[in-house]
Amino acid sequence: MSARIVLTRRAVTGLALSAALVAGITTFGTGDAEAAGPTKVWERGVGGAVRSSSPGMGDIDGDGRMDIVVGSHDGRVNVLRGSDGSPTPGWPQLTTHPIDSSPAIAHIADDGRPEIAIGVGTGDAAGGALYSFAPDGRVRFRYAAADRAFPSPSIYSTPAVGDINGDGRPDLSVGSLGLESVHAVDASGVRLGGFPFYWDDTIFSSAALVDVNGDGRRDIVIGGDSTPGAPVDHQGGMVRAIDGSGRPLWEHRVNDIVRGAPSVGDIDGDGRQDIVFGGGDFFGGSDSVKVWALELDGRVKPGWPQSTDGVTDASPTLADLTGNGILDVAIGTFDSRHGRGSGGSVYAWAGSGGRLPGYPLASGGGVVLGQISTGDFDGDGGQDLLVPTGGAIFAYSGKTGARLFSLGEGTGTGYQNTPLVADVDGNGRLDIVAAGFRGGAGVVTRYELDSTAEVGRLAWPQYRRNAVRNGTVDTLAEARSIDAACPPGKVPNSGFDDIAGSVHRTAVDCIAWWEITKGSGGGSYNPLGAVTRGQMASFIARLIEESGGSLPSNPPDAFSDDDGSLYEHDINRLADVGIVNGVSPGQYRPRDTVTRAQMATFLIRALNHRTGTARPFSRVNYFSDDNGHAHESNINKAAAAGLTGGGTGGRYLPNAPVRRDQMASFLARTLDVLVVEAGAQLPA
């Protein structure tokens with residue numbers, strides 16, 4: 001059978017799936033007793049039905065406020081103001097085909113403004129392309145994804161943004177409903193060398209970007225379909241890892257298609273990322289109802305796969321449902337056309353494969369195709385599930401499975417995509433943005449939750465987890481907010497002339513407000529300068545005292561190699577209370593650069609001294625590149641406290657030097673801990 005005929009057959013299945021979901025909107029929840037739900041802020045119609053395209057968020061027009069982006073089946077990319085749902089100037093923009101792909105929002109063009117990347121075309125494989133839009137709505141490029149069989153196949157897949165070839169610039173990786181079905185282009189829409197990659201059949205899945213072979217570069221991990229016959233000759237599907245040059249690294253085969261996207265994160269707390277994916281329903285294979293977990297090298301993890309009551313079309317969600325600092329796995333199920341199961345359930349497992357208490361449970365509204373998103377809606381420290389169904393969106397406690405609230409129930413709205421969880425208008429209250437279809441029209445609704453709700457730690461707050469849609473939790477460590485120590489709108493501009501555009505600028509302004517830094521002289525901060533051990537001592541001493549703590553005023557001389565140093569007094573004070581120990585007897589080496597590992601220990605000891613309580617031991621191994629390091633325990637404690645989110649590619653980089661801009665973020669997060677936990681008073 002020719003590839004073209006096979007692909008046409010697969011496309012018919014996509015149309016049948018859409019029809020089943022339309023029928024699913026007649027199934028509504030049972031109305032179990034639940035807490036009062038979020039408040040509707042606004043609701044806006046868009047011209048065409050919103051089906052698989054999940055809403056994203058970014059400041060598209062540069063006005064300092066968030067906008068909502070979503071595609072619809074009338075072929076339009078819609079951008080709505082987050083504040084009231086009105087169209088952002090220059091939008092919507094019309095494309096050539098209906099849209100099921102979700103928008104990736106990222107700084108692709110290096111012009112300081114976010115661009116939008118989105119695929120067009122649906123499951124009928126009739127045609128499509130990958131678009132990149134400028135913030136004003138202009139088309140930056142239209143990539144047709146042509147291969148040897150199709151001149152312009154549908155792009156149902158969502159583009160993932162990230163550098164995969166090591167040139168330091170963002171690339172876009174995406175699947176197509178073609179034959180050479182994995183594509184990668186640069187920021188201008190030019191194909192990368194080695195692409196397109198020959199897959200052998202269609203790809204509905206979207207890529208996760210993760211370094212699977214330890215070479216420091218992100219690789220593509222994506223699922224897809226496979227049909228009997230040369231050259232691959234496999235009936236079912238597979239997940240493959242492909243490097244940035246188009247070279248295959250490994251593949252894992254299953255006996256039915258892989259429709260959803262793989263999700264990546266450390267699900268067992270061993271410091272190494274894992275790859276989790278579900279199935280699909282074309283051949284009626286037994287794997288269509290399973291969820292798999294693989295090591296980065298493609299080996300199946302112990303305790304997996306796990307079976308469910310229906311097809312696992314949806315992409316799995318990785319979030320900390322129990323609040324123990326480790327990712328769990330959640331997924332909803334869909335009806336099987338081959339008698340494998342009726343679907344409509346929600347499953348949740350620990351990384352070992354053991355089911356979590358309260359799960360599985362009925363979705364409340366029928367079949368589930370969209371990926372589940374999460375947030376801490378009830379304030380209990382665990383991630384709660386937001387489940388899109390054919391009848392409504394339902395929220396369930398991650399810890400117990402109890403229903404918390406529903407959205408859109410009884411309105412005749414169906415949801416096939418993933419709700420967005422974020423503070424859309426910056427007022428400190430969490431919002432949910434839901435996009436669905438009511439009849440043949442699309443509808444986008446923003447809801448606001450009460451003040452106890454927050455995104456929380458180790459969340460999966462939108463489709464593919466983030467705006468760049470890379471489907472990856474790089475590390476279990478997540479840097480905490482500094483809003484408690486430096487409330488937005490309250491902190492003055494530090495006035496330093498060399499921090500504009502720095503991702504650490506807010507933290508620099510923060511520590512300047514607390515009078516922990518006065519800069520490097522001449523109105524500058526020197527953000528890229530290295531921090532010496534002597535300077536670090538003074539920064540730590542000021543942090544302790546400015547936050548309300550105390551240090552000895554007349555400490556003994558601890559080291560001989562800092563005599564006469566500008567920092568000698570602060571070094572001696574920290575040594576007297578056990579915050580610094582030196583590098584050898586009598587030696588502090590004040591001119592040496594501070595490493596990231598040493599920084600973690602300085603900060604943990606400073607917190608212990610300032611609060612009078614030792615930070616608890618963390619049983620989570622947050623990073624794999626510090627195993628056996630002398631500072632590993634304090635690095636894990638710092639990660640548990642939210643003082644660090646790690647370095648490049650999910651590693652901590654313990655021996656790397658600390659720059660002054662990075663130090664500002666470390667210190668600002670430490671201040672935030674002291675405000676929240678020790679009652680430190682904000683500057684007057």
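Residues numbered from 1 in each chain as written. Predicted model: local features only at pLDDT ≥ 70, side-chain atom pairs only at ≥ 80, totals over all residues. Heavy atoms only, no water.

A. Here's a closer look at the overall build of the protein chain. The number of helices and strands found in the protein chain is 7 helices and 31 strands. What you see for the protein chain is a C-alpha radius of gyration of 26 Å, in line with the 26 Å of a compact globule of 684 residues. Referenced to the eigenvectors of the C-alpha coordinate spread, the extents of the protein chain come out at roughly 85 × 55 × 50 Å. In the protein chain, which comprises 684 residues, the proportion classed as buried is 61%. Counting only contacts in the protein chain whose residues sit at least 6 apart along the sequence, the fraction spanning at least 24 positions is 59%. Per element, the accessible surface of the protein chain, about 23300 Å² overall, is 49% carbon and sulfur. A distance of 2 Å separates the average location of the 57 positive side-chain charges in the protein chain from that of its 78 negative side-chain charges. (Helix = DSSP H or I, 4+ residues; strand = E, 2+ residues; numbered from the N terminus. Rg over C-alpha atoms; globule rule 2.2 N^0.38 Å. Buried < 20%, exposed > 50% of the residue type's maximum accessible area, 1.4 Å probe, protein only. Contact = heavy atoms within 4.5 Å. Areas by Shrake-Rupley, 256 points an atom, 1.4 Å probe, with all protein chains shown as cover. Lys, Arg positive; Asp, Glu negative; His and termini not counted. Charge placed at Lys NZ, Arg CZ, Asp CG, Glu CD.)

B. The state of the cysteines, seen in detail. Within this structure, the stated rule accounts for 1 disulfide. The disulfide partner of Cys486 is Cys510, and the S-S distance across this bridge is 1.9 Å. The disulfide joining Cys486 to Cys510 has a torsion of about 70 degrees about its S-S bond and is therefore right-handed. Remark: Cys510 occurs in helix H2 (residues 505-513) and Cys486 occurs in the loop between strand S31 (441-448) and H2; sequence separation between them is 24 residues. Each of the two residues, Cys486 as well as Cys510, counts as buried. (Disulfide = S-S within 2.5 Å.)

C. Main features of the sheet that holds strand S1 (residues 39-46). Overall, antiparallel pairing links the 4 strands, which are arranged S1-S31-S30-S29 in an open sheet. In this open sheet, the two edge strands, each paired with only one partner strand, are S1 and strand S29 (420-422). Here the average twist between neighbouring strands, direction ignored, is 20 degrees. Direction of pairing for S29 relative to strand S30 (residues 431-438): antiparallel, over a ladder of 3 bridges. The residue bridging Ala422 from the neighbouring strand is Asp431, located in S30. (Pairing = 2+ DSSP bridges. Axes fitted to C-alpha atoms, helices over the stretch in contact; angles between N-to-C directions.)

D. Structural context of the pairing of strand S14 (residues 219-226). Counting buried residues along S14, 8 of its 8 residues qualify, which places the element largely inside the surrounding structure. Because side chains alternate across S14, one face comprises the buried residues Asp219, Val221, Gly223 and Asp225, and the other comprises Ile220, Ile222, Gly224 and Ser226, equally buried. Note: strand S13 (residues 208-210) against S14, 3 bridges, orientation antiparallel. Residue Val210 lies in a different strand from S14, and its bridge partner there is Asp219. Here S14 pairs with strand S15 (residues 236-242) via 7 bridges, running antiparallel. Residue pairing across strands places Gly224 opposite Met238, the latter belonging to S15.

E. Local environment of the packing of helix H3 (residues 533-546) against helix H4 (residues 568-576). For the pair H3 and H4, the least separation of the axes is 8 Å and the interaxial angle reads 65 degrees. Of the possible angle classes, the one that applies to H3 and H4 is roughly perpendicular. When the axes of H3 and H4 are compared, the crossing they make is left-handed. Note on element contacts: H4 touches H3 through Asp570, Ile571, Arg573 and Leu574, opposite Gly534, Ala537, Ser538, Ile540, Ala541, Ile544 and Glu545. For the contact of H3 with H4, a count of residues per class yields 6 nonpolar, 2 polar and 3 charged. (Parallel < 35°, antiparallel > 145°, perpendicular 65-115°, else oblique. Left-handed = near helix turned anticlockwise from the far one by under 90°. Nonpolar A, V, L, I, M, F, W, Y, C, P; charged D, E, K, R; others polar.)

F. Geometry of the nonpolar core. By size, the foremost hydrophobic cluster in this structure holds 91 residues, and its most contacted members are Ile511, Trp514, Met536, Ile540, Leu574, Met663 and Leu667. In terms of residue count, helix H7 (residues 660-678) provides more of this core than any other element does, 9 residues in total. Judged by nonpolar contacts, the second largest core, of 16 residues, contains Ala160, Leu209, Ile222 and Ile242. (Core = buried A, V, L, I, M, F, W, Y, C linked by side-chain atoms within 4.5 Å.)

G. Highlighting the sheet that holds strand S2 (residues 56-58). What the 4 strands build is an open sheet, ordered S2-S3-S4-S5; its pairing is antiparallel. Two strands bound the open sheet, and with one partner strand each, they are S2 and strand S5 (93-94). Of the strand pairs in this sheet, S2 and strand S3 (residues 67-71) are connected by 3 bridges, and their pairing is antiparallel. Bridge assignment links Met57 to a residue of S3, and that residue is Ile68.

H. Expanded view of the side chain of Asp274. Looking at the secondary structure, you find Asp274 in strand S18 (residues 274-277). A relative accessible area of 0% means that Asp274 is categorised as buried. Within polar-contact distance, the side chain of Asp274 engages the side chain of Lys301 at 3.1 Å. Discounting residues that sit within four places of it in the chain, Asp274 has contacts with Ser263, Val264, Gly265, Asp266, Ile267, Asp268, Leu294, Glu295 and Lys301. (Polar contact = N/O pair within 3.5 Å; in protein donor to acceptor, adjacent residues only side chain to side chain.)

I. Expanded view of the environment of Gly236. By secondary structure assignment, the location of Gly236 is in strand S15. Residue Gly236 is classed as buried on the basis of its relative accessible area of 0%. Considering only alpha carbons, one finds Gly236 and Gly279, 43 residues apart in sequence, at a separation of 9.6 Å. The contacts of Gly236, once residues within four sequence positions are left out, are Asp225, Ser226, Val254, Asn255, Asp256, Ile257 and Phe283.

J. Summary view of the packing of aromatic side chains. This structure, assessed with the given rule, holds 15 aromatic pairs. Pairing Tyr131 with Phe133 gives two aromatic rings, centres 5.4 Å apart and planes at 5 degrees, and the pair type is stacked. Comparing Tyr131 with Phe133 shows no difference in burial state: the two are buried. By way of ring pairs, the aromatic residues Trp91, Tyr131 and Phe133 are connected into one cluster. The ring of Trp199 is capped by Arg240, whose NZ or CZ atom sits 4.7 Å from the centre of that ring. Lying over the aromatic face of Tyr588, Arg533 brings its terminal NZ or CZ to 4.3 Å of the ring centre. (Phe/Tyr/Trp six-rings, centres within 6.5 Å; stacked < 30°, edge-to-face > 60°. Lys NZ or Arg CZ within 6 Å of the ring centre and 35° of its normal.)

K. View of unusual backbone geometry. Cis rather than trans, the peptide bond between Ala230 and Pro231 has omega equal to 5 degrees. One can find Pro231 in the loop between S14 and S15. Each neighbour pair has its own omega, and for Tyr359 with Pro360 the value is 5 degrees, a cis peptide bond. Inspection of the secondary structure assignment puts Pro360 in the loop between strand S23 (345-349) and strand S24 (361-362). Even without being glycine, Asp200 reaches a positive phi, approximately 110 degrees. Here Asp200 is to be found in the loop between strand S12 (182-185) and S13. Among the residues examined, Asp200 registers a relative accessible area of 8% and is labelled buried. The phi torsion at Asn526 lies on the positive side, around 60 degrees, for a residue other than glycine. Residue position: Asn526 is located in the loop between H2 and H3.

The analysis is restricted to geometry; functional conclusions fall outside its scope.
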